[in-house]
Amino acid sequence: MAKKLQLWFPVRYWMISQKFGENLLPIYKELGLKGHNGWDFAVEGGKPVRATHAGTVVLAGEDGLSGYVVVVRTNEPFEYGDKEAYYKTIYAHLEPNIPVRAGQMVDIGDVLGYADTTGAAEGLHLHFGLKPQLKGESDWQWFNLEQSNGYLGAIDPTPNFNNYFAQDA
């Protein structure tokens, strides 16, 4: 069996303004979500956002409500319940000057972008999401193995955080 995915915190010196599953804004209902589908790290504008795991950048650019976003997929499968899955991490509401490109390999701690308020952000923050993905699913799509879970396939990243900062990796 594969090992458990461990995630490092993408930013240092932050406050969580919203965790997974919390439903603080009416927009989640409007989007058909049960609640918030990630973690919001309240940070200063321009704060470096770092890769929480090694992988391949599968999306780096503008994406509607998410503003400027980077998505990184693991290069190997990890445990997911009683099976294995690849994972995608989502880093949203970044400044437009994204320093990575799709297809680029990144390691823990590499700078992916800088915190901002692009897209439908309500104040400066990084939206961080985690989605399990089966081998063969399209990297560039938001759809995945848990698409019908009420969070558009996102899962709570809390059990995967190892309580270390990516910049210290």
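Residues numbered from 1 in each chain as written. Predicted model: local features only at pLDDT ≥ 70, side-chain atom pairs only at ≥ 80, totals over all residues. Heavy atoms only, no water.

A. Layout of the overall build of the chain. Helix and strand content of the chain: one helix and 12 strands. Put simply, the chain runs from its N terminus to its C terminus through helices and strands in the order β-β-α-β-β-β-β-β-β-β-β-β-β. Against the compact-globule benchmark of 15 Å for 169 residues, the chain has a radius of gyration of 15 Å, which places it among compact chains. Taking the principal axes of its C-alpha atoms as reference, the chain extends roughly 40 × 35 × 30 Å. Restricting the contact set of the chain to residue pairs at least 6 apart, pairs at least 24 apart contribute 68%. (Helix = DSSP H or I, 4+ residues; strand = E, 2+ residues; numbered from the N terminus. Rg over C-alpha atoms; globule rule 2.2 N^0.38 Å. Contact = heavy atoms within 4.5 Å.)

B. A look at the pattern of salt bridges. One pass over the full model with this rule turns up one salt bridge. The salt bridge involving Asp 168 is made with Arg 12; its shortest N-O contact spans 2.0 Å. One end of the pair, Asp 168, is in the segment after β12 (161-165); the other, Arg 12, is in the loop between β1 (7-9) and β2 (15-18), and 156 residues separate them in sequence. (Salt bridge = Lys/Arg side-chain N within 4 Å of Asp/Glu carboxyl O.)

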